Amino acid sequence: MSQLAVITGASSGIGAEFARQLSAQGYALLLVARRAERMQALAASLPTQCEIFPADLSKAEECDRLMQALQSRRVELFINNAGFGECGDFLEIGLDRELDMVDVNIRAMHILTKRMAQKMQQQGGGALLNVGSSAGLLPAGPYMATYYATKAYVVSLSRAVAAELRAAGSPVYVGCLCPGPVNTEFNAVAHVKFALPGISAADCVRCALAGIRRRKTVIVPGRIMAAGMSLSRLVPCGALIRITARQQKRKLGG
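Residues numbered from 1 in each chain as written. Predicted model: local features only at pLDDT ≥ 70, side-chain atom pairs only at ≥ 80, totals over all residues. Heavy atoms only, no water.

Chemist: Hey, could you go over the overall build of the protein chain for me, with residue numbers and the actual values?
Modeler: Scanning the protein chain for helices and strands turns up nine helices and nine strands. With 254 residues in all, the protein chain has 53% of them scored as buried. At a minimum sequence separation of 6, the contacts of the protein chain that also span at least 24 residues come to 67%. For the protein chain, the accessible surface area stands at approximately 11900 Å², while carbon and sulfur atoms represent 54% of it. (Helix = DSSP H or I, 4+ residues; strand = E, 2+ residues; numbered from the N terminus. Buried < 20%, exposed > 50% of the residue type's maximum accessible area, 1.4 Å probe, protein only. Contact = heavy atoms within 4.5 Å. Areas by Shrake-Rupley, 256 points an atom, 1.4 Å probe, with all protein chains shown as cover.)

Below is the structure:
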(Lines give C-alpha, C1' and ligand atoms only; values in the text may rest on other atoms or scores of the structure.)
Protein backbone atom coordinates (compact mmCIF):
# COMPACT_ATOMS: atom_id res chain seq x y z
CA MET A 1 0.00 0.00 0.00
CA SER A 2 1.26 3.48 -0.88
CA GLN A 3 2.34 5.88 1.83
CA LEU A 4 -0.15 8.68 2.50
CA ALA A 5 0.72 12.36 2.18
CA VAL A 6 -1.77 15.06 3.20
CA ILE A 7 -1.50 18.52 1.64
CA THR A 8 -3.47 21.56 2.77
CA GLY A 9 -3.91 24.53 0.47
CA ALA A 10 -3.67 21.99 -2.33
CA SER A 11 -5.87 23.60 -4.98
CA SER A 12 -3.16 25.77 -6.55
CA GLY A 13 0.40 27.05 -6.38
CA ILE A 14 2.90 25.37 -4.08
CA GLY A 15 0.29 22.99 -2.68
CA ALA A 16 -0.68 21.70 -6.13
CA GLU A 17 2.99 21.29 -7.04
CA PHE A 18 3.59 19.24 -3.89
CA ALA A 19 0.74 17.01 -5.07
CA ARG A 20 2.30 16.54 -8.51
CA GLN A 21 5.78 15.72 -7.24
CA LEU A 22 4.66 13.47 -4.37
CA SER A 23 2.30 11.58 -6.66
CA ALA A 24 5.18 11.07 -9.09
CA GLN A 25 7.12 9.55 -6.17
CA GLY A 26 4.30 7.07 -5.55
CA TYR A 27 2.50 8.66 -2.59
CA ALA A 28 -1.24 8.31 -2.17
CA LEU A 29 -2.64 11.78 -1.53
CA LEU A 30 -5.34 13.53 0.44
CA LEU A 31 -5.80 17.05 -0.90
CA VAL A 32 -7.36 19.69 1.38
CA ALA A 33 -8.60 23.11 0.24
CA ARG A 34 -11.76 25.18 -0.18
CA ARG A 35 -12.03 24.85 -3.95
CA ALA A 36 -13.32 21.34 -4.66
CA GLU A 37 -13.46 21.72 -8.46
CA ARG A 38 -9.80 22.65 -8.68
CA MET A 39 -8.82 19.70 -6.49
CA GLN A 40 -10.93 17.33 -8.57
CA ALA A 41 -9.20 18.49 -11.75
CA LEU A 42 -5.79 18.11 -10.12
CA ALA A 43 -6.61 14.66 -8.71
CA ALA A 44 -7.75 13.47 -12.14
CA SER A 45 -4.35 14.39 -13.61
CA LEU A 46 -2.25 12.48 -11.04
CA PRO A 47 -0.96 8.90 -11.44
CA THR A 48 -1.60 7.68 -7.88
CA GLN A 49 -4.67 7.36 -5.67
CA CYS A 50 -5.86 10.84 -4.75
CA GLU A 51 -8.75 11.84 -2.49
CA ILE A 52 -10.08 15.36 -2.02
CA PHE A 53 -11.28 16.87 1.26
CA PRO A 54 -13.01 20.24 0.78
CA ALA A 55 -12.59 22.33 3.92
CA ASP A 56 -12.29 25.93 5.08
CA LEU A 57 -9.42 25.71 7.56
CA SER A 58 -10.06 29.23 8.85
CA LYS A 59 -12.70 27.49 11.00
CA ALA A 60 -11.35 25.45 13.91
CA GLU A 61 -14.14 22.90 13.54
CA GLU A 62 -12.97 22.20 9.99
CA CYS A 63 -9.47 21.46 11.28
CA ASP A 64 -11.06 19.06 13.78
CA ARG A 65 -13.10 17.43 10.99
CA LEU A 66 -9.91 16.82 8.99
CA MET A 67 -8.15 15.24 11.95
CA GLN A 68 -11.14 13.03 12.65
CA ALA A 69 -11.05 11.82 9.04
CA LEU A 70 -7.39 10.89 9.51
CA GLN A 71 -7.78 9.32 12.93
CA SER A 72 -7.50 5.69 11.81
CA ARG A 73 -5.02 6.30 8.98
CA ARG A 74 -1.23 6.44 9.04
CA VAL A 75 0.09 9.71 7.63
CA GLU A 76 3.72 9.62 6.53
CA LEU A 77 3.92 13.22 5.35
CA PHE A 78 1.80 16.26 6.20
CA ILE A 79 2.31 19.47 4.20
CA ASN A 80 0.76 22.32 6.23
CA ASN A 81 0.53 24.76 3.32
CA ALA A 82 -2.78 26.65 3.63
CA GLY A 83 -2.29 30.40 3.95
CA PHE A 84 -2.57 33.76 2.20
CA GLY A 85 -1.29 37.33 2.35
CA GLU A 86 -2.35 40.91 1.69
CA CYS A 87 -0.32 43.97 0.73
CA GLY A 88 -1.16 47.57 1.63
CA ASP A 89 -1.03 50.15 4.39
CA PHE A 90 -1.79 48.67 7.80
CA LEU A 91 -4.26 51.48 8.52
CA GLU A 92 -6.20 50.77 5.32
CA ILE A 93 -6.43 46.97 5.02
CA GLY A 94 -9.76 45.70 6.34
CA LEU A 95 -9.65 44.20 9.82
CA ASP A 96 -11.81 41.24 8.80
CA ARG A 97 -9.31 40.37 6.07
CA GLU A 98 -6.44 40.48 8.56
CA LEU A 99 -8.29 38.36 11.11
CA ASP A 100 -9.05 35.78 8.41
CA MET A 101 -5.32 35.72 7.70
CA VAL A 102 -4.56 35.15 11.37
CA ASP A 103 -7.13 32.34 11.48
CA VAL A 104 -5.61 30.52 8.51
CA ASN A 105 -1.90 31.35 8.80
CA ILE A 106 -1.67 30.97 12.59
CA ARG A 107 -4.64 29.26 14.22
CA ALA A 108 -5.22 26.53 11.65
CA MET A 109 -1.47 25.95 11.27
CA HIS A 110 -1.09 25.69 15.06
CA ILE A 111 -4.02 23.29 15.49
CA LEU A 112 -2.86 21.00 12.70
CA THR A 113 0.80 21.10 13.77
CA LYS A 114 -0.09 20.08 17.32
CA ARG A 115 -2.64 17.43 16.42
CA MET A 116 -0.58 15.93 13.60
CA ALA A 117 2.67 15.89 15.60
CA GLN A 118 0.82 14.10 18.40
CA LYS A 119 -0.60 11.62 15.89
CA MET A 120 2.80 10.97 14.31
CA GLN A 121 4.36 10.47 17.73
CA GLN A 122 1.71 7.87 18.54
CA GLN A 123 2.12 6.08 15.19
CA GLY A 124 5.88 5.91 15.61
CA GLY A 125 7.10 8.43 13.06
CA GLY A 126 6.29 10.76 10.21
CA ALA A 127 7.25 14.11 8.69
CA LEU A 128 5.43 17.43 9.02
CA LEU A 129 6.37 20.48 6.97
CA ASN A 130 4.90 23.89 7.77
CA VAL A 131 5.01 26.26 4.82
CA GLY A 132 6.18 29.56 6.21
CA SER A 133 7.91 32.29 4.24
CA SER A 134 11.16 34.20 4.08
CA ALA A 135 8.94 36.93 5.56
CA GLY A 136 9.05 34.96 8.80
CA LEU A 137 12.84 35.29 8.90
CA LEU A 138 12.96 39.02 8.15
CA PRO A 139 12.39 41.97 10.49
CA ALA A 140 9.26 44.12 10.34
CA GLY A 141 7.50 43.97 6.96
CA PRO A 142 6.01 47.32 6.01
CA TYR A 143 3.00 47.05 3.66
CA MET A 144 2.63 43.38 4.60
CA ALA A 145 2.67 43.82 8.37
CA THR A 146 0.12 41.18 9.30
CA TYR A 147 1.43 38.62 6.82
CA TYR A 148 5.02 39.01 8.07
CA ALA A 149 3.82 38.67 11.66
CA THR A 150 1.86 35.49 10.94
CA LYS A 151 4.80 33.89 9.16
CA ALA A 152 7.16 34.80 12.01
CA TYR A 153 4.80 32.77 14.20
CA VAL A 154 4.98 29.81 11.80
CA VAL A 155 8.80 29.85 11.78
CA SER A 156 9.11 30.29 15.55
CA LEU A 157 6.64 27.52 16.38
CA SER A 158 8.21 25.11 13.89
CA ARG A 159 11.72 25.70 15.21
CA ALA A 160 10.66 25.24 18.81
CA VAL A 161 8.68 22.04 18.17
CA ALA A 162 11.52 20.62 16.07
CA ALA A 163 14.01 21.33 18.89
CA GLU A 164 11.77 19.64 21.46
CA LEU A 165 11.35 16.55 19.29
CA ARG A 166 15.09 16.29 18.65
CA ALA A 167 15.85 16.61 22.36
CA ALA A 168 13.37 13.82 23.10
CA GLY A 169 14.84 11.56 20.41
CA SER A 170 11.50 11.48 18.62
CA PRO A 171 11.18 9.81 15.20
CA VAL A 172 8.90 12.67 14.13
CA TYR A 173 10.37 15.35 11.86
CA VAL A 174 9.06 18.93 11.86
CA GLY A 175 10.42 21.49 9.44
CA CYS A 176 9.53 24.88 7.99
CA LEU A 177 9.74 25.87 4.33
CA CYS A 178 10.63 29.57 3.96
CA PRO A 179 10.55 30.51 0.29
CA GLY A 180 10.99 33.98 -1.05
CA PRO A 181 8.92 35.04 -4.05
CA VAL A 182 7.45 32.07 -5.94
CA ASN A 183 5.66 32.50 -9.25
CA THR A 184 2.13 31.47 -8.21
CA GLU A 185 -1.24 33.18 -7.90
CA PHE A 186 -0.29 34.22 -4.32
CA ASN A 187 1.10 37.50 -5.67
CA ALA A 188 -2.14 38.44 -7.42
CA VAL A 189 -4.27 37.50 -4.41
CA ALA A 190 -2.02 39.52 -2.09
CA HIS A 191 -1.82 42.46 -4.56
CA VAL A 192 1.96 42.50 -4.32
CA LYS A 193 5.02 42.47 -6.56
CA PHE A 194 8.48 41.68 -5.24
CA ALA A 195 11.78 43.32 -6.10
CA LEU A 196 13.51 39.94 -6.21
CA PRO A 197 12.67 37.59 -9.12
CA GLY A 198 10.48 34.64 -8.24
CA ILE A 199 11.37 30.97 -8.57
CA SER A 200 9.05 28.35 -9.99
CA ALA A 201 6.76 26.33 -7.73
CA ALA A 202 8.45 23.19 -9.10
CA ASP A 203 11.92 24.37 -7.97
CA CYS A 204 10.52 25.42 -4.59
CA VAL A 205 8.97 22.01 -3.96
CA ARG A 206 12.03 20.08 -5.16
CA CYS A 207 14.11 22.04 -2.64
CA ALA A 208 11.53 21.41 0.09
CA LEU A 209 11.46 17.65 -0.46
CA ALA A 210 15.28 17.52 -0.50
CA GLY A 211 15.29 19.46 2.79
CA ILE A 212 12.83 17.01 4.34
CA ARG A 213 15.06 14.09 3.33
CA ARG A 214 17.99 15.86 5.04
CA ARG A 215 15.73 16.67 8.02
CA LYS A 216 16.53 20.38 7.83
CA THR A 217 14.53 22.50 10.25
CA VAL A 218 14.42 25.66 8.10
CA ILE A 219 14.46 25.31 4.30
CA VAL A 220 15.10 28.43 2.19
CA PRO A 221 14.95 27.64 -1.56
CA GLY A 222 17.10 29.47 -4.09
CA ARG A 223 20.51 31.15 -4.05
CA ILE A 224 19.03 34.50 -5.05
CA MET A 225 16.76 34.47 -2.02
CA ALA A 226 19.69 33.62 0.25
CA ALA A 227 21.49 36.67 -1.14
CA GLY A 228 18.35 38.73 -0.67
CA MET A 229 18.17 37.62 2.96
CA SER A 230 21.72 38.87 3.49
CA LEU A 231 20.87 42.17 1.77
CA SER A 232 17.82 42.61 3.98
CA ARG A 233 20.10 43.13 6.96
CA LEU A 234 21.47 46.23 5.27
CA VAL A 235 18.36 47.81 3.74
CA PRO A 236 14.79 48.27 4.97
CA CYS A 237 12.81 45.12 4.17
CA GLY A 238 10.15 47.28 2.55
CA ALA A 239 12.63 47.74 -0.29
CA LEU A 240 12.01 44.10 -1.22
CA ILE A 241 8.33 44.85 -1.96
CA ARG A 242 6.81 46.80 -4.82
CA ILE A 243 3.25 47.99 -4.35
CA THR A 244 0.98 47.02 -7.24
CA ALA A 245 -0.89 49.61 -9.30
CA ARG A 246 -4.07 48.86 -7.37
CA GLN A 247 -2.38 49.63 -4.08
CA GLN A 248 -0.67 52.73 -5.48
CA LYS A 249 -4.05 54.03 -6.60
CA ARG A 250 -5.43 53.41 -3.14
CA LYS A 251 -2.50 55.25 -1.54
CA LEU A 252 -3.18 58.22 -3.83
CA GLY A 253 -6.85 58.28 -2.87
CA GLY A 254 -8.08 56.80 -6.20
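From this point, the discussion proceeds with the structure in view.
Chemist: Describe helix H7 (residues 201-213), with residues and values.
Modeler: Between its first and last C-alpha, H7 extends 18 Å over 13 residues, near the 18 Å set by a 1.5 Å rise per residue. When we look at burial in H7, the residues that qualify are Ala-201, Cys-204, Val-205, Ala-208, Leu-209, Ala-210, Gly-211 and Ile-212. If you follow the buried residues of H7, they end up packed against helix H1 (13-24), strand S4 (77-80), strand S5 (126-131), strand S6 (172-177) and strand S8 (218-219). Backbone geometry just after H7 places Arg-215 at a positive phi near 60°. (Expected span 1.5 Å × (residues − 1).)

Chemist: Describe the pairing of S4, listing the residues and the values that go with them.
Modeler: Along S4, one buried face is formed by Leu-77 and Ile-79 and the opposite face, lined by Phe-78 and Asn-80, is buried too. In this structure, S4 lies alongside S5, joined through four bridges in parallel fashion. Across the sheet, residue Phe-78 finds its bridge partner in S5, namely Leu-128. The parallel pair S4 and S5 is bridged by helix H4 (residues 95-123), and the resulting crossover is right-handed. (Pairing = 2+ DSSP bridges. Right-handed = clockwise from strand over helix to strand, strands pointing away.)

Chemist: Go over the sheet that holds S8 with me, naming the residues and quoting the values.
Modeler: Across the sheet, which stays open at both edges, the seven strands sit in the order S3-S2-S1-S4-S5-S6-S8 with parallel pairing between neighbours. At either margin of the open sheet sits one strand with a lone partner, and together these are strand S3 (50-54) and S8. On the sheet, helix H2 (residues 36-44) packs against strand S2 (28-33) and S3 and is oriented at approximately 175° with respect to S3. Against the sheet, helix H5 (residues 145-167) touches S5, S6 and S8, its axis set at about 155° to S6. (Axes fitted to C-alpha atoms, helices over the stretch in contact; angles between N-to-C directions.)

Chemist: Run through unusual backbone geometry, naming residues and quoting values.
Modeler: Despite not being glycine, Tyr-143 shows a phi value in the positive range, around 75°. Mapped onto the secondary structure, Tyr-143 falls in the loop between S5 and H5. Residue classification places Tyr-143 among the partly exposed positions, given a relative accessible area of 33%. The phi dihedral of Arg-215 is positive, around 60°, even though this residue is not glycine. Tracing the backbone through its elements, the reader meets Arg-215 in the loop between H7 and S8. Judged by its relative accessible area of 45%, Arg-215 falls in the partly exposed class.

Chemist: Can you tell me about the packing of H4 against H5, naming the residues and giving the values?
Modeler: Helix-helix packing is characterised by the crossing angle of the two axes and by the distance between the axes. For the pair H4 and H5, the least separation of the axes is 9 Å and the interaxial angle reads 10°. The orientation of H4 with respect to H5, classified from their angle, is roughly parallel. Only Thr-146, Tyr-147, Thr-150, Lys-151, Tyr-153, Val-154, Leu-157 and Leu-165 of H5 make contact with H4, whose side of the interface consists of Glu-98, Met-101, Val-102, Asn-105, Ile-106, Met-109, His-110, Thr-113 and Gln-121. Of the residues in the contact of H4 with H5, the class split is nine nonpolar, six polar and two charged. (Parallel < 35°, antiparallel > 145°, perpendicular 65-115°, else oblique. Nonpolar A, V, L, I, M, F, W, Y, C, P; charged D, E, K, R; others polar.)

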